[in-house]
Amino acid sequence: MSRLSSVEAAVISSLAGERDSLIARVEAWSAINSGSRNLAGLATMADTLAADFAPLGEVARHAPAAAEAVDAAGSRVALAHGDNLTVRQTRPGARVRVLLTGHMDTVFAADHPFQTTRWLDDATMNGPGVADMKGGIAVMRAALAAIESSPLADRISWEVVLNSDEEVSSPGSAPLLVEAARRADVGLTYEPSALPDGTLAGARKGSGNFAITVRGRASHAGRAPDEGRNAIVAAADLALRLKALHSAALSVNPAKIDGGGPNNIVPDIAVLRINIRPSTPADQAAAEAALARIAAEVAAAHEVAIDVHGHFARPPKPMDANQRRLFELVRACGADLGHSIGWKDSGGVCDGNNLAATGLPVVDTLGVRGGSIHSSDEFMIVDSLVERAQLSALVLMRLAQNGVPA
């Protein structure tokens with residue numbers, strides 16, 4: 001750590017003794033079920049986070065934006081999400097404005113069997129959200145607390161957004177994220193590292209989820225089969241045509257068809273659910289055009305009505321020069337702490353996609369090292385709590401001293 005200034009070294013040293021308190025915080029937060037659809041649990045989680053972050057800045061609670069989904073009958077229905085939190089420390093004379101984001105929701109519902117934490121060994125903790133991303137929020141908070149106690153605090157303004165719906169593509173928090181991104185110079189997001197060795201996610205594909213409702217005509221399958229217009233067949237044709245678009249640059253996954261009924265009735269309703277992931281904005285535009293064209297072709301071929309619901313909630317996040325400069329800063333900070341940090345492109349998506357789409361440089365895997373996320377085997381490498389808090393604190397200090405890399 002010879003490349004650290006005395007101020008930087010003091011902050012890094014202060015975090016070295018935070019291991020036990022960080023572990024305790026993660027255990028307490030992971031004991032609260034905050035599945036994306038568990039509104040009561042999310043409210044408890046928001047209350048807890050608000051209290052834990054209150055000593056650092058001004059905390060505010062934000063109601064989610066309106067959102068809707070398509071049910072199995074093809075009807076559009078309102079979809080509820082939890083409140084979101086912001087925490088702000090605004091200093092008009094600061095050199096840099098940093099946005100830090102994390103999500104309080106997990107993929108584990110209130111009735112999921114995976115509800116408690118346990119130690120797998122002396123170095124590894126298993127539990128819901130320990131890596132994705134209650135451990136990441138703990139890292140974020142520790143880094144902010146450290147820099148707020150340092151002589152560099154007055155050189156940096158920061159804002160935290162903690163949302164309740166990242167795991168379901170952030171429909172209720174997307175406007176809040178975009179608004180915050182437009183106030184910032186740089187973004188830091190606390191998803192777990194892309195690999196257990198600490199590798200960061202580089203370029204990310206975008207992601208769009210679509211529910212495509214097909215409305216045909218019911219008829220008796222024996223007496224008048226040709227009078228019907230089979231919505232299931234049309235939906236299957238649509239799925240096959242869309243799947244044919246699949247390539248290395250554009251991932252297409254038809255995931256489910258709802259609909260149908262008794263074998264003696266030609267089905268008049270079907271809902272195709274599909275995920276599409278483009279590599280670049282141009283790939284996304286081409287996919288949108290192809291989806292509209294294919295829907296029209298299938299509607300005409302099968303004499304059915306087709307309604308497409310959905311959009312690309314996560315725009316692609318290419319590794320452009322704007323992003324690379326920030327990654328190089330993070331890598332340099334890691335090297336000064338004795339860590340070798342690389343990055344790897346990912347087909348996964350997160351709120352970092354949304355932030356980068358505004359033009360904001362963002363590194364979005366600054367959380368703990370761990371793995372097996374979205375499963376009951378999810379784990380966190382416990383020593384990475386301090387390691388990653390030190391990394392973030394150093395990144396924040398370098399930004400406070402030097403501004404955004406040019």
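How each quantity is defined
- Residues numbered from 1 in each chain as written.
- Predicted model: local features only at pLDDT ≥ 70, side-chain atom pairs only at ≥ 80, totals over all residues.
- Heavy atoms only, no water.
- Helix = DSSP H or I, 4+ residues; strand = E, 2+ residues; numbered from the N terminus.
- Rg over C-alpha atoms; globule rule 2.2 N^0.38 Å.
- Buried < 20%, exposed > 50% of the residue type's maximum accessible area, 1.4 Å probe, protein only.
- Contact = heavy atoms within 4.5 Å.
- Areas by Shrake-Rupley, 256 points an atom, 1.4 Å probe, with all protein chains shown as cover.
- Lys, Arg positive; Asp, Glu negative; His and termini not counted.
- Charge placed at Lys NZ, Arg CZ, Asp CG, Glu CD.
- Pairing = 2+ DSSP bridges.
- Axes fitted to C-alpha atoms, helices over the stretch in contact; angles between N-to-C directions.
- 1 Å grid on protein atoms, 1.4 Å probe; cavity = no way out; pocket = protein on both sides within 12 Å on 5 of 7 lines; lining within 4 Å.
- Points joined across faces, edges and corners; volume = space filled by probe spheres on them.
- Nonpolar A, V, L, I, M, F, W, Y, C, P; charged D, E, K, R; others polar.
- Disulfide = S-S within 2.5 Å.
- Expected span 1.5 Å × (residues − 1).
- Phe/Tyr/Trp six-rings, centres within 6.5 Å; stacked < 30°, edge-to-face > 60°.

Participant: Quick rundown of the overall build of the chain? Include the residues and the values.
Facilitator: Of regular secondary structure, the chain possesses 10 helices and 18 strands. Against the compact-globule benchmark of 22 Å for 406 residues, the chain has a radius of gyration of 23 Å, which places it among compact chains. Dimensions along the principal axes, computed over C-alpha positions, put the chain at roughly 85 × 45 × 40 Å. Taken over 406 residues, the chain has a buried fraction of 52%. Look at the contacts in the chain between residues 6 or more apart in sequence, and 80% of them connect residues 24 or more apart. Carbon together with sulfur atoms contributes 52% to the accessible area of the chain, which is approximately 16300 Å² in total. A gap of 4 Å separates the mean positions of the 37 positive and 45 negative side-chain charges of the chain.

Participant: Can you lay out the sheet that holds strand β18 (residues 379–381) for me, pointing to particular residues and giving the numbers?
Facilitator: Taken in spatial order, the 4 strands of this open sheet run β6-β7-β18-β17, and their pairing is antiparallel. Looking at strand neighbours, the two that pair on one side only are β6 (118–121) and β17 (370–371), the edges of this open sheet. Judged from the 2 bridges that link them, β17 and β18 form a sheet pairing that is antiparallel. Its bridge partner lying in β18, Gly 371 is registered against Phe 379. Across the sheet, helix α4 (residues 130–148) is in contact with β7 (124–126) and β18; its angle to β18 comes to roughly 45°.

Participant: Any chance you could break down the layout of surface pockets for me, citing the residues and the numbers?
Facilitator: Empty space left among the atoms is revealed by rolling a probe the size of a water molecule over them. By volume, the second largest pocket is sized at about 190 Å³. Lining the second largest pocket are 15 residues; nearest its centre among them are Thr 90, Arg 97, Ser 157, Glu 159 and Arg 183. Contributing elements (two or more residues each) for the lining of the second largest pocket: β4 (84–89), β5 (96–103) and β8 (156–163). Considered class by class, the residues forming the lining of the second largest pocket number 7 nonpolar, 3 polar and 5 charged.

Participant: Any chance you could break down the sheet that holds strand β13 (residues 269–278) for me, citing the residues and the numbers?
Facilitator: With antiparallel pairing, the 4 strands of this open sheet are ordered in space as β12-β13-β11-β14. Two strands lie at the open edges of the sheet, namely β12 (250–259) and β14 (305–314), each paired on one side alone. Each neighbouring strand pair of the sheet contributes to a mean axis angle of 15°, computed without reference to strand direction. Bridging between β12 and β13 involves 9 bridges; their strand directions are antiparallel. Its bridge partner being in β13, Ser 251 is matched across the sheet by Arg 277. Helix α6 (residues 231–243) contacts β11 (207–215), β12 and β13 of the sheet and is inclined by roughly 10° relative to β13. Helix-sheet contacts for helix α7 (residues 281–302) involve β11, β12, β13 and β14, and the interaxial angle to β14 is about 170°.

Participant: Describe in detail the state of the cysteines, supporting the description with residues and values.
Facilitator: What makes a disulfide is a covalent bond joining the sulfur atoms belonging to two cysteines. On inspection of all chains with the given rule, the structure shows 0 disulfides. Residue Cys 333 stays outside any disulfide, its sulfur separated by 20 Å from that of Cys 350, the closest cysteine.

Participant: Describe helix α8 (residues 321–336), with residues and values.
Facilitator: An α-helix turns once per 3.6 residues; consequently, residues spaced three or four apart project the same way. For α8, which comprises 16 residues, the first-to-last C-alpha distance of 23 Å matches the rise-based estimate of 22 Å (1.5 Å per residue) to within 8%. Along its buried surface, α8 packs onto β9 (186–189), β10 (200–204), β15 (343–346), α9 (351–356), β16 (362–363) and α10 (384–402). Gly 338 sits one or two positions beyond α8 and adopts a positive phi of about 90°.

Participant: Before we move on, can you summarise the packing of aromatic side chains with the specific residues and values?
Facilitator: This model, assessed by the stated rule, comprises 3 aromatic pairs. Arranged with centres 5.0 Å apart and planes meeting at 80°, the rings of Phe 108 and Phe 114 form a pair that is edge-to-face. The same class applies to Phe 108 as to Phe 114, namely buried. With a centroid separation of 5.4 Å and an interplanar angle of 75°, the aromatic rings of Phe 210 and Phe 312 are classed as edge-to-face. Remark: Phe 312 occurs in strand β14 and Phe 210 occurs in strand β11; sequence separation between them is 102 residues. Classification of Phe 210 as buried rests on a relative accessible area of 7%.

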